[in-house]
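Breakdown of the fold
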Amino acid sequence: MSGRIGLLGGLLAAQVVIIAGLLLASGVGSDAGASQLLSFDPANVTKLGVSGEEGAVQLVRDGEDWRLAQESEQDAPDGLPADGGKISDLLADLSNLDAPWPVATSDDSAERFEVTEDSHQRRLIIEDEDGPVADLLLGTSPGYRRVHARVSGESEVYSIDFSNFEVPTDADQWLDKALLAAQGEVSSVVLEDAWRLERSDGEWQIDGAPADAEAANDLVRRFTSLRVLGTPDEGDNADGAGDAAGEPAGVFLVTDEDGEHRLTLFHQAEEDDYSLMSDRVAGRFEVATYIAEQMLSDPADLQSKDGVAEDAAEAEDNMLEEGAASDQES
């Protein structure tokens, strides 16, 4: 009896070993069958096209930088600086996508998952100097941070770790939001017809008088860390002219490491919106209201508190002296 049990046990063990070997060979239950969905070198990419029902955006490498080469009818001017860090991260993620097992291979499934040539939610075309190196169709989402994907020309549909939100078709989402920021150290900021803030011997001065260092540095950071929200909504005048742009609220002359540049701030009173134009970058760009209002500082807020106290004390002394002299005369 025990011999029969031992034989059955041996046969069962052998079956387990055989099944495990077959599973390992086929890749089931492991990453053995995993392969890269796309094959390209991010360092060699020169162009990235993103399209969908809402529009299309093309991003072009310009030396070490990236620029928008717009294909849609949105208002953002062509050639604007794009967010190079965001694009580099995206290309790295795409080049590392795994596609171990297709979830479908039929034409009907491709239609259902919206990854066909005629029906897709996103299309990504990646090119190098020799032409396209990847053409990826993205469709429906089967779950959080998952999306159905199919390489153009192939039948396999995959569920990949990605999201359509990572590849927007709105040009503003790719814009370098720091494109109007001052470069390097700022030596002076002038608000025309209002005040002049400049650094002299390492100290800030407002209209020639000592400035409060903290207040001055806070103001200057508004220009060195300036971030725009995007371009005006469709229908606004991108050249800054007309009622849509609002009225000029101030003209700033900012001197940084690249020299002096002019920023013109507009205010649309009805919506309480602000926008900026620069003589360094073509176009007009929306800026947060609280940022714009802080840029329009009152010179009194920039004055040194010690200087104000000294001036007040001196004025009080002068009044006392004048009063004493008046008493003596009487």
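Attention in this report is confined to the structure presented alongside it. (Residues numbered from 1 in each chain as written. Predicted model: local features only at pLDDT ≥ 70, side-chain atom pairs only at ≥ 80, totals over all residues. Heavy atoms only, no water.)

Quick look at the pairing of strand 9 (residues 195–200)
Working note: regular strand, side chains alternate between the two faces of the sheet. Across 4 bridges, the pairing between strand 8 (residues 188–191) and strand 9 is antiparallel. Bridge pairing links valine 189 to leucine 197 in strand 9. In sequence, strand 8 turns back onto strand 9 through a hairpin of 3 residues, with aspartate 193 there showing a positive phi of about 65°. Judged from the 4 bridges that link them, strand 9 and strand 10 (residues 203–206) form a sheet pairing that is antiparallel. The residue bridging arginine 199 from the neighbouring strand is tryptophan 204, located in strand 10. Between the antiparallel neighbours strand 9 and strand 10 lie 2 residues, among them aspartate 201 with a positive phi of about 55°. (Pairing = 2+ DSSP bridges. Helix = DSSP H or I, 4+ residues; strand = E, 2+ residues; numbered from the N terminus.)

Observations regarding helix 4 (residues 213–224)
The end-to-end C-alpha distance of helix 4 is 16 Å, a good match for the 16 Å that 12 residues give at a rise of 1.5 Å each. Restricting attention to buried positions, one finds in helix 4 the residues Ala215, Ala216, Leu219, Val220 and Phe223. Projection of helix 4 onto a plane perpendicular to its axis shows the buried side chains occupying an angular sector of 130°, all on one side. (Expected span 1.5 Å × (residues − 1). Buried < 20%, exposed > 50% of the residue type's maximum accessible area, 1.4 Å probe, protein only. Arc of directions from axis to C-beta.)

Structural notes on a negative patch on the surface
Negative charge collects at one region of the surface, where Asp233, Glu270, Glu271, Asp272, Asp273 and Glu293 lie side by side. Counting through the fold element by element, aspartate 272 comes out in the loop between strand 13 (259–268) and strand 14 (273–278). Since its relative accessible area comes to 34%, aspartate 272 is described here as partly exposed. (Patch = residues over 30% accessible without salt bridge, like charges linked within 9 Å, V, L, I, M, F, W, Y side chains within 5 Å. Areas by Shrake-Rupley, 256 points an atom, 1.4 Å probe, with all protein chains shown as cover. Salt bridge = Lys/Arg side-chain N within 4 Å of Asp/Glu carboxyl O. Lys, Arg positive; Asp, Glu negative; His and termini not counted. Charge placed at Lys NZ, Arg CZ, Asp CG, Glu CD.)

What about the pattern of salt bridges?
In this structure the tally under the stated criterion is 10 salt bridges. For arginine 145, the salt bridge identified is with aspartate 161, shortest N-O distance 3.5 Å. With a gap of 16 residues between them, arginine 145 in the loop between strand 5 (131–138) and strand 6 (147–151) and aspartate 161 in the loop between strand 7 (158–160) and strand 8 connect regions that are remote in the sequence. Linked by salt bridges that have partners in common, Glu117, Arg123 and Asp135 make up one network.

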